[in-house]
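An overview of the molecular structure
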Amino acid sequence: MDTSGAETPSIAYKVFTFEDGKNDRQESLCVSIPEVLDPQYGMYVWPSAVVLAQYLWTHREQLRDETVLELGAGVSLPGVVAARCGAKVILSDSTRNPLCLENCRRSCEANGLRDVDVLGLTWGEISPDLVLLPKLDVILGSDVFYEPQDFEDVIVTVAFLLRKNPRAQFWTTYQERSADWSIEALLHRWKMNCVEVGLETFAADKPELAGSTLPGSHSIDMMIITLKTGDDEQRQII
């Protein structure tokens with residue numbers, strides 16, 4: 001297809017400022033995220049991403065020198081925050097959406113991140129790039145549970161990564177859209193545990209975070225998903 005006449009995308013930079021005044025000294029982190037003004041939903045910062053980024057900010061000491069992979073990164077706010085907090089970050093999005101991968105790179109450039117890898121990883125596909133990933137400590141995903149038909153593909157990818165990295169955790173936020181949508185059966189099938197994290201435990205239970213208007217009135221939840229261990233299964237039998 002001839003794209004010589006394609007228009008240059010219109011890009012707007014949105015600034016997020018994370019602050020922590022609990023200690024004697026005020027700490028803050030400012031990141032700039034490019035949004036492509038286009039109907040594709042992966043090109044905007046979504047409410048779930050700001051909540052996950054807030055969690056990363058409040059756990060920044062834990063992230064230092066950890067290896068972190070973000071799935072479905074899109075505009076990459078959580079991954080960028082993790083990298084700015086000292087983590088070794090890999091950003092990924094679907095191989096079928098090169099525009100999202102391009103925006104991952106744009107987000108890195110906007111924040112002076114030169115050592116962040118960007119990979120095409122498609123949920124549900126065990127590709128060479130997926131197999132060859134380094135040892136991971138944390139996997140991130142904001143609003144990856146968006147379309148019900150994608151839920152199992154996401155879980156398959158996460159299950160593969162957790163089996164390769166049994167000590168790793170999947171930190172994920174999602175927006176409640178239907179009471180009928182659930183991943184409980186999929187977690188059981190793929191032998192994974194899920195713990196819900198209250199937003200109030202990391203100061204995310206408010207409509208405006210990081211100097212933005214997000215998450216607004218949207219209802220956001222957070223989960224930490226891990227691989228079931230032999231001890232977990234033994235307790236269930238008992």
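Just so you know, the residues in each chain are numbered from 1, in the order the chain's sequence is written. Reporting in this predicted model follows two pLDDT cut-offs: at least 70 for local features of residues, and 80 or more for side-chain atom pairs to be given and counted; totals over whole chains, interfaces and linings ignore these cut-offs and use all residues. Just so you know, side-chain values use all the structure's heavy atoms and leave hydrogens and water out.

Orientation is described by lines fitted to C-alpha atoms, with helices fitted over the stretch in contact, and by angles between N-to-C directions that extend from 0 to 180 degrees. Secondary structure elements follow DSSP: runs of H or I of four or more residues count as helices, runs of E of two or more count as strands, with numbering from the N terminus. Between helix α1 (residues 47–58) and helix α3 (residues 77–84), whose axes approach to 8 Å, the crossing angle comes to 15 degrees. Our classification of the angle between α1 and α3 gives roughly parallel. Considering how the two elements wind past one another, α1 and α3 form a crossing that is right-handed. Taking contact as the criterion, the partners of Ala49, Val50, Leu52, Ala53, Leu56 and Trp57 in α1 are, on α3, Leu77, Pro78, Val81 and Ala82. Our angle categories are set so that under 35 degrees counts as roughly parallel, over 145 as roughly antiparallel, 65 to 115 as roughly perpendicular, and the remainder as oblique. Here a crossing is taken to be left-handed if its near helix is turned anticlockwise relative to the far helix by less than a right angle, and right-handed if that turn runs clockwise. Contacts are residue-level and defined by heavy atoms, with any inter-residue pair within 4.5 Å sufficient.

As a further point, take the sheet that holds strand β7 (residues 169–175). Pairing within the open sheet is mixed, and its seven strands lie in the order β5-β4-β3-β6-β7-β9-β8. On the outer flanks of this sheet lie β5 (117–120) and β8 (192–197), each paired with one strand and no other. The average angle at which neighbouring strand axes cross in this sheet is 20 degrees, direction not considered. By this definition, two strands are paired if DSSP reports at least two bridges between them. As judged from the three bridges shared by strand β3 (residues 67–70) and strand β6 (residues 138–142), these two strands associate in the parallel manner. Residue pairing across strands places glutamate 70 opposite leucine 140, the latter belonging to β6. With respect to the sheet, α1 is in contact with β6, β7, β8 and β9 (220–227), its orientation differing from that of β7 by roughly 140 degrees. Across the sheet, helix α4 (residues 98–110) lies against β4 (88–93) and β5, angled at about 170 degrees from β5, the strand it touches most.

On to α4, then. Between its terminal C-alpha atoms α4 stretches 18 Å, which fits the 18 Å expected from 13 residues at 1.5 Å a residue. Packing partners of the buried residues in α4 comprise β1 (11–20), β2 (27–36), α3, β4 and β5. Taken from the residues just after α4, glycine 112 is the one with a positive phi, measuring 65 degrees. Here, expected helix span is obtained from the residue count minus one, scaled by 1.5 Å.

How two aromatic rings sit relative to each other is set out by the distance from centre to centre and by the angle between their planes. Stacked, edge-to-face and tilted labels apply to pairs of Phe, Tyr and Trp rings (six-membered ring for Trp) whose centres lie within 6.5 Å, assigned for plane angles under 30 degrees, over 60, and everything in between, in that order. For the structure on display, the rule yields five aromatic pairs. Ring plane angle 85 degrees and centroid distance 4.9 Å describe the contact between tyrosine 55 and phenylalanine 202, whose orientation is recorded as edge-to-face. In this pair, tyrosine 55 sits in helix α1 while phenylalanine 202 sits in the loop between β8 and β9, placing the two residues 147 residues apart along the sequence. Neither tyrosine 55 nor phenylalanine 202 differs from the other in exposure class; each is buried. Considering the side-chain rings of phenylalanine 151 and tryptophan 181, the 6.3 Å spacing of their centres and the 80 degrees angle between planes classify their relative orientation as edge-to-face. Of this pair, phenylalanine 151 sits in helix α6 (residues 151–164) while tryptophan 181 sits in the loop between β7 and α7 (184–189), and the two are 30 residues apart along the sequence. For phenylalanine 151, a relative accessible area of 7% corresponds to the buried category. We call a residue buried when its accessible area falls under 20% of the maximum for its residue type, exposed when it is over 50%, and partly exposed in between, using a 1.4 Å probe and counting protein chains only.

On their own, these measurements won't tell you what the molecule is for.
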